[in-house]
Amino acid sequence: MKRGIKICLALAGTLFALGLTLNLVGTAMGGRRESNRYFEDRWEEISYDREWGPILVGSDGIHIGGENGIHVDSGGVSIGGDSGIHVGHGDAGEKQVLESGKLEGITSVEVDVDCGDLRLQKGEEFAVSLGWNLRNYTMRYWVEDGVLKVEDESWGGGKWGDNFNVECKMILTVPAEWALDVLRLSTEFGDIEVDVDITAGEVDLSTSMGDVVCRSLQARDLEAKSDMGDVVIHLPGEQEEYTWDLETSMGTLTVDGQTQNSGMGDITALGGDGPNYVEAEAAMGDIQIHFSK
């Protein structure tokens, strides 16, 4: 999905939920006529903030994921706080691609970027490919004591084109049945997709705005989170092998095709007593977990 579409959907969803809630409360209290008169007389004096879990709608714009998350206002989108990226309207840069070639001896993966789709997929060899078209922005990787690390850096403000056609992504190929000690994938603005038959001890998948989809990954401890987006996890094995803890503030919780809970507020679903732990959280989005057997 293009970045501009994600931003529009995010703003529409946030404002719709906020407006609906306030409208219902006001109507139930019989205050619609009085509130209309109040706001007409005092509109210029009002400055307000409204908070929806980690999503804050205020007079200075919309904040998602705290001070180091995403801030949207009339000037553009800021990702990652003061030290992160500010993306405004302008000309996109030339597309840059960085390929690692074959990597040996990788025991863990740690990815932490402000902007980018992150994808883990099956390949003949362990390798990483980075691509982006933001100006004043770069992505880099290095290997340290068997740990593959990926980060990004920006300076002077990034720029995107007339169609908000930002393209920042990481593709990591991993041979089937590879074993990792730790897998951490974090992006402030982008989707995360893991689609490979490997094992890992500790897994942490996190995005502030985007979907998280995980398939075939066998993990002892798996955490997946999206502040604004869906979380879908396809687990190998049977339900008896897992313990799960699911939570959303607005959405539906589904376990193996069966809806456990839905609505708005603090919605949770707990279950299982198996040795493998799964925790999934979405502030505004649906959560699904499925089992292969």
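Okay, so let's go over this structure. (Residues numbered from 1 in each chain as written. Predicted model: local features only at pLDDT ≥ 70, side-chain atom pairs only at ≥ 80, totals over all residues. Heavy atoms only, no water.)

**Things to note about the overall build of the chain**
In step 1: Each helix and strand in the chain was counted, giving two helices and 24 strands.
In step 2: Scored against the burial criterion, the 293 residues of the chain give a buried share of 45%.
In step 3: For the chain, contacts bridging at least 24 residues in sequence account for 59% of all contacts bridging at least 6.
In step 4: A total accessible area of about 14,700 Å² is found for the chain, and carbon and sulfur atoms account for 46% of it. (Helix = DSSP H or I, 4+ residues; strand = E, 2+ residues; numbered from the N terminus. Buried < 20%, exposed > 50% of the residue type's maximum accessible area, 1.4 Å probe, protein only. Contact = heavy atoms within 4.5 Å. Areas by Shrake-Rupley, 256 points an atom, 1.4 Å probe, with all protein chains shown as cover.)

**Remarks on the side chain of T207**
In step 1: Looking at the element boundaries, T207 is found in strand β17 (residues 199-209).
In step 2: Non-local contacts of T207, meaning those with residues more than four positions away in its chain, are made with T187, E188, F189, G190, I192, V212, K225, S226 and D227.

**Section: the pattern of salt bridges**
In step 1: In total, this model carries 10 salt bridges according to the counting rule given.
In step 2: As a salt-bridge pair, K95 and E167 come within 2.9 Å of each other at their nearest N and O atoms. Placement of the pair is K95 in the loop between β6 (85-89) and β7 (96-99) and E167 in the loop between β13 (158-160) and β14 (168-174), with a sequence separation of 72 residues.
In step 3: Looking at K95, the relative accessible area reads 49%, which means it is partly exposed.
In step 4: For E167, a relative accessible area of 27% puts it in the partly exposed group.
In step 5: Measuring nitrogen to oxygen at the nearest pair gives 3.9 Å for the salt bridge that ties K149 to E144.
In step 6: Exposure remark for E144: the relative accessible area of 38% places this residue in the partly exposed category.
In step 7: Via salt bridges that share partners, R119, E193, D195 and R215 belong to a single interconnected network. (Salt bridge = Lys/Arg side-chain N within 4 Å of Asp/Glu carboxyl O.)

**Focus on the side chain of D152**
In step 1: Structurally, D152 can be placed in strand β12 (residues 147-154).
In step 2: Look at D152: it is buried, it has no salt bridge, and the nearest opposite charge is R140 at 8.2 Å.
In step 3: Reaching out from D152, the side chain makes a polar contact with the backbone nitrogen of D114 at a distance of 2.8 Å.
In step 4: At a separation of 3.5 Å, a polar atom in the side chain of D152 contacts the main-chain amide nitrogen of C115. (Lys, Arg positive; Asp, Glu negative; His and termini not counted. Polar contact = N/O pair within 3.5 Å; in protein donor to acceptor, adjacent residues only side chain to side chain.)

**Digging into unusual backbone geometry**
In step 1: Even without a glycine there, the phi angle at S216 is positive, about 70 degrees.
In step 2: Take S216: it is sitting in the loop between β18 (212-215) and β19 (218-228).
In step 3: Phi at D256 takes a positive value of approximately 50 degrees, unusual for a residue other than glycine.
In step 4: Within the secondary structure, D256 is located in the loop between β21 (242-255) and β22 (258-272).

**With respect to the nonpolar core**
In step 1: Ranked by size, the top nonpolar core spans 60 residues in total, and within it V109, L185 and I233 carry the most contacts.
In step 2: Broken down by element, the residue count for this core peaks at six residues, all from β21.
In step 3: Those residues in contact with L185 that lie beyond four places of it in its chain are V109, V111, L118, M170, I192, V194, D204, L205 and S206. (Core = buried A, V, L, I, M, F, W, Y, C linked by side-chain atoms within 4.5 Å.)

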